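One letter stands for each residue in the lines below.
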Amino acid sequence: MSYQGPEFEPAQPRRSPLRRPLVVVLAALVPGTLLGWGVYAASGGPGDSGGADTAAVGTPAGGPSSPDGSDGSDGSDGSDGKKPPPASATTASGPLEGKVVVIDPGHNPTNHLHTAEINRKVDIGTNSKECDTTGTATNSGYAEAKFTLDVAHRLRTLLQSQGATVKLTQDGDRPYGPCVDERARIGNAAHADAVVSLHADGSAVGNRGFHVILPASVHAGAADTRAIVGPSRDLGERVAGAFVRVTGSAPSNYIGDGTGLVTREDLGGLNLSTVPKVFIECGNMRDTKDAALLTSGAWRQKAAQGVSEGIVSFLRG
Ligand code: ZN
């Protein structure tokens with residue numbers, strides 16, 4: 001089985017004014033309190049210094065903490081214990097009331113059983129590409145698709161508690177996919193104020209840290225990202241900043257020049273989006289140290305919290 005995904009394709013090196021100073025501008029938003037902007041200066045260059053095993057900062061490690069693989073514990077995540085929320089409905093009043101967030105859990109736990117379907121090519125504007133991919137896994141077999149669904153459930157709960165209307169592109173409720181073009185269309189049809197596609201990378205041992213993928217300016221065929229490049233970068237910078245602060249993880253040491261930000265024009269999920277959207281690769285499943293984090297329920301809660309705070313910051317402006 002091949003683990004071909006966005007992770008394995010070379011990112012398009014892009015000119016970025018952020019490159020040289022190797023600085024990520026962060027939106028710092030602790031629960032309920034807007035602190036303002038901060039600056040995280042990445043040391044740059046490969047190496048473990050400042051890596052994910054530095055002390056976590058930010059929120060206490062509250063929330064559900066399930067042992068590795070026991071995703072069943074998240075069955076109740078969609079509920080805050082008060083009332084069962086109707087599907088994709090706003091469940092609470094709060095600062096995000098009226099805002100729509102689409103969460104796109106990368107891959108699908110049973111994609112590997114439907115190789116013919118997921119290998120079918122779909123039009124992504126710039127070219128055609130596989131409908132979907134299996135995703136990667138840790139060396140011990142914890143699948144990326146399980147990781148993305150788990151973080152999606154945690155993230156949904158956090159955003160709903162802020163009053164947002166939240167929709168998932170898939171919830172382990174379909175045999176495969178959706179295809180990347182449909183993933184984009186779901187966000188578009190929902191008129192989402194923000195979309196985040198959740199992933200974990202499958203890179204070489206020693207490659208560590210997270211990165212956020214931003215849409216390039218693409219105008220080809222059905223793809224026209226020109227209107228979303230700016231707001232997506234804003235969203236991505238805020239997600240990256242909050243992710244650093246809440247998880248304690250460093251930006252990737254193998255892509256993005258230490259900024260934690262990468263721009264790509266080869267991802268259908270971004271090319272076909274008409275609403276602000278980013279991907280996040282939360283860590284490298286093939287690195288033992290990163291895998292120890294990704295398989296920890298407590299860490300996944302922090303990851304969801306980081307992404308949530310980035311989204312909240314973006315939506316509150
Ligand atoms: Zn992925």
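**Observations concerning the sheet that holds strand 12 (residues 277-284)**
Next up, step 1: Pairing in this open sheet of six strands is mixed, and the strands run 6-3-7-12-8-11 from one edge to the other. If you trace the sheet from one side to the other, it starts and ends with strand 6 (165-168) and strand 11 (261-264), each paired once. With direction set aside, neighbouring strand axes in the sheet form an average angle of 25 degrees.
Next up, step 2: The sheet contact formed by strand 8 (residues 211-215) and strand 12 spans three bridges and is antiparallel. Bridged to Val-212 within strand 12 is Ile-280.
Next up, step 3: Helix-sheet contacts for helix 3 (residues 180-189) involve strand 3 (100-105), strand 6, strand 7 (194-201) and strand 12, and the interaxial angle to strand 3 is about 165 degrees.

**Focus on the pairing of strand 8**
Two faces, one strand: in a regular strand the side chains alternate between the faces of the sheet.
Next up, step 1: Within strand 8, five of the five residues are buried, which leaves the element mostly enclosed by the surrounding structure.
Next up, step 2: Neither face of strand 8 is exposed, since His-211, Ile-213 and Pro-215 on one face and Val-212 and Leu-214 on the opposite face are all buried.
Next up, step 3: Pairing of strand 8 with strand 11, which is carried by four bridges, proceeds in the parallel orientation. Paired with Pro-215 across the bridge in strand 11 is Arg-264.

**What about the packing of aromatic side chains?**
Next up, step 1: For the structure shown, the criterion picks out two aromatic pairs.
Next up, step 2: Centroid distance Phe-210 to Phe-243: 4.8 Å. Interplanar angle 50 degrees. Geometry classified as tilted. A residue pair is termed long-range when its members are at least 10 positions apart, and Phe-210 in the loop between strand 7 and strand 8 and Phe-243 in helix 4 (residues 229-247) qualify at 33 residues. Judged on exposure class, the residue Phe-210 and its partner Phe-243 are both buried.
Next up, step 3: Ring geometry for Phe-243 and Trp-299: centres 6.0 Å apart, planes at 80 degrees, overall edge-to-face. Within this pair, whereas Phe-243 is found in helix 4, its partner Trp-299 is found in helix 7 (residues 297-316), the two being separated by 56 residues in sequence.
Next up, step 4: A relative accessible area of 0% places Phe-243 in the buried class.
Next up, step 5: Here Trp-299 falls in the buried class, since its relative accessible area comes to 7%.
Next up, step 6: Each member of the aromatic cluster is reached from another via a ring pair, and the members are Phe-210, Phe-243 and Trp-299.

**Examining the nonpolar core**
Next up, step 1: Core analysis: the largest hydrophobic core is formed by 40 residues, its most contacted members being Ile-103, Phe-147, Leu-159, Val-212, Ile-280 and Ile-311.
Next up, step 2: Top element by residues in this core is helix 7. It accounts for eight residues.
Next up, step 3: Once residues lying within four places of it in the same chain are set aside, the contact partners of Ile-311 are Val-101, Leu-155, Leu-159, Ala-194, Val-196, Leu-235 and Val-239.

**Points about the state of the cysteines**
Next up, step 1: A complete count under the given rule lists one disulfide for this structure.
Next up, step 2: The disulfide that involves Cys-131 links it to Cys-179, with 2.2 Å between the sulfurs. Negative torsions about the S-S bond denote left-handed disulfides, and the value of about -90 degrees found for Cys-131 with Cys-179 makes this one left-handed. Taken as a pair, Cys-131 in the loop between strand 5 (128-130) and helix 2 (144-161) and Cys-179 in the loop between strand 6 and helix 3 lie far apart in primary sequence, 48 residues in all.
Next up, step 3: Judged by its relative accessible area of 0%, Cys-131 falls in the buried class.
Next up, step 4: Accessibility expressed as a relative area gives 7% for Cys-179, which makes it buried.

**Quick look at the confidence of the model for the protein**
Next up, step 1: Of all residues in the protein, 71% have pLDDT values of 70 or greater, and the mean over the chain is 80.
Next up, step 2: Throughout residues 1-90 the model reports pLDDT below 50, and contacts reaching past four residues in sequence, or to other chains, amount to 180 contacts.

**Thoughts on unusual backbone geometry**
With the exception of glycine, most residues fall at negative phi, and the peptide bonds are largely trans.
Next up, step 1: Cis peptide bonds are those with omega within 30 degrees of zero, and the linkage from Gly-177 to Pro-178 qualifies with 10 degrees.
Next up, step 2: Topologically, Pro-178 is positioned in the loop between strand 6 and helix 3.
Next up, step 3: The phi angle at His-107 is positive, at roughly 70 degrees, despite the residue not being glycine.
Next up, step 4: Tracing the sequence through the fold places His-107 in the loop between strand 3 and helix 1 (115-119).
Next up, step 5: What makes His-107 buried here is its relative accessible area of 1%.

The rules behind each value
- Residues numbered from 1 in each chain as written.
- Predicted model: local features only at pLDDT ≥ 70, side-chain atom pairs only at ≥ 80, totals over all residues.
- Heavy atoms only, no water.
- Pairing = 2+ DSSP bridges.
- Helix = DSSP H or I, 4+ residues; strand = E, 2+ residues; numbered from the N terminus.
- Axes fitted to C-alpha atoms, helices over the stretch in contact; angles between N-to-C directions.
- Contact = heavy atoms within 4.5 Å.
- Buried < 20%, exposed > 50% of the residue type's maximum accessible area, 1.4 Å probe, protein only.
- Phe/Tyr/Trp six-rings, centres within 6.5 Å; stacked < 30°, edge-to-face > 60°.
- Core = buried A, V, L, I, M, F, W, Y, C linked by side-chain atoms within 4.5 Å.
- Disulfide = S-S within 2.5 Å.
- pLDDT = per-residue confidence, 0-100.

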